[in-house]
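Reading the structure
Okay, here's what each chain looks like letter by letter:
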Amino acid sequence: YNGVAVWRKCFKGTRAHNTVTIDGLDQAEQVTGFIWAKPYTAQLLSCEKTDMGVCVEASHNGYSRLPQAVEHRRSLLWSEQGFLLVRDTFTGTGEHTFELNFHLHPEASVTERDGCWQISRGDAALALCLLEGEHFIPVHGQESPILGWFSPSYGLKQKTTVLQIRKEGPPEAFTFTTALIFSEDWCPEKLTHYAQYL
């Protein structure tokens, strides 16, 4: 907590979490090691169980403080058949940079096959990919800006892999739909149909 301030800020920030950062900013403003300014609110928009699975949608207004405000919505579709779909959509004005990161454990094995990332650690395995024909790129131990690091305990850090996609443009110009696949019975092409229910 009292170490190098830039690393503390990094590990607390939005980019260190599995979500979207807009214009390289945190969802709230870090003032000190413990104090935040301009807090945001989150809202649960819907939650229901359907034939497709459990669907949840929520939003937050952390980027409404921007001169050209943006709202971020995230929808989830969880199926017991072996997959989770995560859709990130945006509304607002202006041109922005949208960055989606998924952080992996340093001990995870990560390989790419046809735009889909195969991730395993011990007996656990999953595939992670985007459904819009886009592809994640791996970031590993980057220092400027800081990304791709894991802290197992106080004062320690080690390199790890982050799967990232960045887009620039107006908020309504694109959507990130990420598939996390836990069963070999599914592939990205078969999941595109389910994405329409988000």
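Everything in this summary refers to the structure shown in the same document. (Residues numbered from 1 in each chain as written. Predicted model: local features only at pLDDT ≥ 70, side-chain atom pairs only at ≥ 80, totals over all residues. Heavy atoms only, no water.)

**Description of the overall build of the protein chain**
Counting its secondary structure elements, the protein chain contains two helices and 18 strands. The C-alpha radius of gyration of the protein chain comes to 17 Å, within 12% of the 16 Å expected for a compact globule of 198 residues. Along the longest, intermediate and shortest principal axes, the C-alpha atoms of the protein chain span 50 × 40 × 30 Å. When the 198 residues of the protein chain are sorted by exposure, 40% land in the buried category. When contacts within the protein chain are restricted to residue pairs at least 6 apart in sequence, those whose partners lie at least 24 apart make up 56%. Put simply, the protein chain shows about 11100 Å² of open surface, and 52% of that area lies on carbon and sulfur atoms. Across the protein chain, 17 positive and 23 negative side-chain charges occur, with their mean positions spaced 8 Å apart. (Helix = DSSP H or I, 4+ residues; strand = E, 2+ residues; numbered from the N terminus. Rg over C-alpha atoms; globule rule 2.2 N^0.38 Å. Buried < 20%, exposed > 50% of the residue type's maximum accessible area, 1.4 Å probe, protein only. Contact = heavy atoms within 4.5 Å. Areas by Shrake-Rupley, 256 points an atom, 1.4 Å probe, with all protein chains shown as cover. Lys, Arg positive; Asp, Glu negative; His and termini not counted. Charge placed at Lys NZ, Arg CZ, Asp CG, Glu CD.)

**Considering the nonpolar core**
Ranked by internal contacts, the top residues of the largest apolar core, which has 23 residues, are Ile22, Phe90, Phe98, Phe136 and Phe176. Contributing elements (two or more residues each) for this core: strand 1 (20-22), strand 7 (83-92), strand 8 (96-103), strand 10 (116-121), strand 11 (124-130), strand 17 (161-169) and strand 18 (176-181). Listed in part, the 14 residues of the second largest apolar core include Phe83, Cys129, Ile181 and Leu191. (Core = buried A, V, L, I, M, F, W, Y, C linked by side-chain atoms within 4.5 Å.)

**Brief notes about the sheet that holds strand 10**
The strand order 4-5-6-7-18-11-10-9 describes an open sheet built from eight strands, whose pairing is antiparallel. Each of the sheet's edge strands pairs with one partner strand only, and the pair in question is strand 4 (42-49) and strand 9 (109-113). The mean angle between the axes of side-by-side strands here comes to 15°, regardless of whether they run parallel or antiparallel. Here four bridges tie strand 11 to strand 18, and the two strands are oriented antiparallel to one another. What sits directly across from leucine 128, in strand 18, is leucine 180. Across the sheet, helix 2 (residues 188-195) lies against strand 6 (70-79), strand 7, strand 10, strand 11 and strand 18, angled at about 55° from strand 7, the strand it touches most. (Pairing = 2+ DSSP bridges. Axes fitted to C-alpha atoms, helices over the stretch in contact; angles between N-to-C directions.)

**Re helix 2**
Here helix 2 has its buried residues at Pro188, Leu191, Tyr194 and Ala195. Angular distribution of buried residues about the axis of helix 2 spans 100°; they occupy a single face of the element. Of the surrounding secondary structure, the elements contacted by the buried residues of helix 2 are strand 6, strand 7, strand 10, strand 11 and strand 18. (Arc of directions from axis to C-beta.)

**Points about the pattern of salt bridges**
Enumeration according to the criterion identifies nine salt bridges in this entry. Its salt-bridge partner being glutamate 99, residue arginine 15 comes within 2.8 Å of it at the nearest N-O pair. With a gap of 84 residues between them, arginine 15 in the loop between helix 1 (5-12) and strand 1 and glutamate 99 in strand 8 connect regions that are remote in the sequence. The two residues arginine 15 and glutamate 99 agree in class, both being buried. Ionic pairing is found between aspartate 88 and arginine 74, a salt bridge with its closest N-O pair at 2.7 Å. Of this pair, aspartate 88 sits in strand 7 while arginine 74 sits in strand 6, placing them 14 residues apart in sequence. With relative accessibility at 21%, the residue arginine 74 sits in the partly exposed group. (Salt bridge = Lys/Arg side-chain N within 4 Å of Asp/Glu carboxyl O.)

No statement about biological role is implied by the geometric values presented.
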